[in-house]
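# A structural walkthrough
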Amino acid sequence: MNWYVVYTKPKWEKKVADKLNQLGIECYCPLITQVKQWSDRKKKVETPLFNSYVFVQLTDSDRNFVFQVAGVVRYLFWLGKPAIVKDQEIEIIKKSLKTANISDISVSAIQVGDKIKLESGAFSNQNAIVQEVSNNYYTLVLETLGCILKIKYK
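A brief report on the enclosed structure follows. (Residues numbered from 1 in each chain as written. Predicted model: local features only at pLDDT ≥ 70, side-chain atom pairs only at ≥ 80, totals over all residues. Heavy atoms only, no water.)

### Description of the sheet that holds strand β11 (residues 127-133)
Within the open sheet, the four strands sit side by side as β10-β11-β12-β13. Their pairing is antiparallel. Pairing within the sheet leaves two strands with one partner each, and these edge strands are β10 (115-117) and β13 (147-152). Put simply, the sheet's adjacent strands are angled 40° from each other on average, direction ignored. Looking at chain direction, β11 and strand β12 (residues 137-142) are connected through four bridges and run antiparallel. By the bridge assignment, E132 is partnered in β12 with T139. (Pairing = 2+ DSSP bridges. Helix = DSSP H or I, 4+ residues; strand = E, 2+ residues; numbered from the N terminus. Axes fitted to C-alpha atoms, helices over the stretch in contact; angles between N-to-C directions.)

See the structure below:
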């Protein structure tokens, strides 16, 4: 069975995860505890790590069952197919949330102008600037080497 990403209505992640569990569908909604400040008090609140996303583990033929739950909008797609998350990636998220004392975290996509460090491959440990992001590739500028790198992904 594969892990898929379900896109939910804003602020419905925990409700959707609870309802999916009640239906017997294995799901995972990673939560972090944050301290929120109101005008009269501070309070610890559990918030989803990924806004509007819940991970579900289903067979391909059972994917439509999630739409029985109010708050489910659609599946997240990657290159025209439902996005599949590997088991090891889910485990990494679970382990990091158990071991780390996280107080603030943000998740964002790579955008033009971002400075990144390549971690693997022929250009590992090189700093790069994102010049272009498309559906199939990234174009990176490696200033120290004086070249442009086009990385195609599947």
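Next comes the rest of the description.
### A short note on the pairing of strand β3 (residues 31-37)
The sheet contact formed by β3 and strand β4 (residues 42-48) spans seven bridges and is antiparallel. When the bridges of β4 are listed, V35 appears paired with K44. Counted between consecutive antiparallel strands, the loop separating β3 from β4 contains four residues.

### What about helix α2 (residues 87-99)?
What sets the pattern is the α-helix's 3.6 residues per turn: residues three or four places apart point alike. For α2, which comprises 13 residues, the first-to-last C-alpha distance of 18 Å matches the rise-based estimate of 18 Å (1.5 Å per residue) to within 8%. Within α2 the residues assigned to the buried category are I90, I93 and L97. Each buried residue of α2 lies within a common arc of 60° when the element is viewed along its axis, so the set occupies one face. Away from its buried face, by an angle of more than 90 degrees, α2 presents the exposed residues Q88, I92, K95, K98 and T99. (Expected span 1.5 Å × (residues − 1). Buried < 20%, exposed > 50% of the residue type's maximum accessible area, 1.4 Å probe, protein only. Arc of directions from axis to C-beta.)

### Regarding the pattern of salt bridges
Inspection of the entire model under this criterion finds two salt bridges. In this structure, the salt-bridge partner of R41 is D40, at a minimum N-O distance of 3.0 Å. According to the relative accessible area criterion, R41 is partly exposed, its value standing at 42%. A residue is classified by how much of its surface remains accessible, and D40, at 59% relative accessible area, is exposed. One salt bridge in this structure joins R63 and D60, with 3.0 Å as the shortest N-O distance. The exposed category is assigned to D60, whose relative accessible area is 52%. (Salt bridge = Lys/Arg side-chain N within 4 Å of Asp/Glu carboxyl O.)

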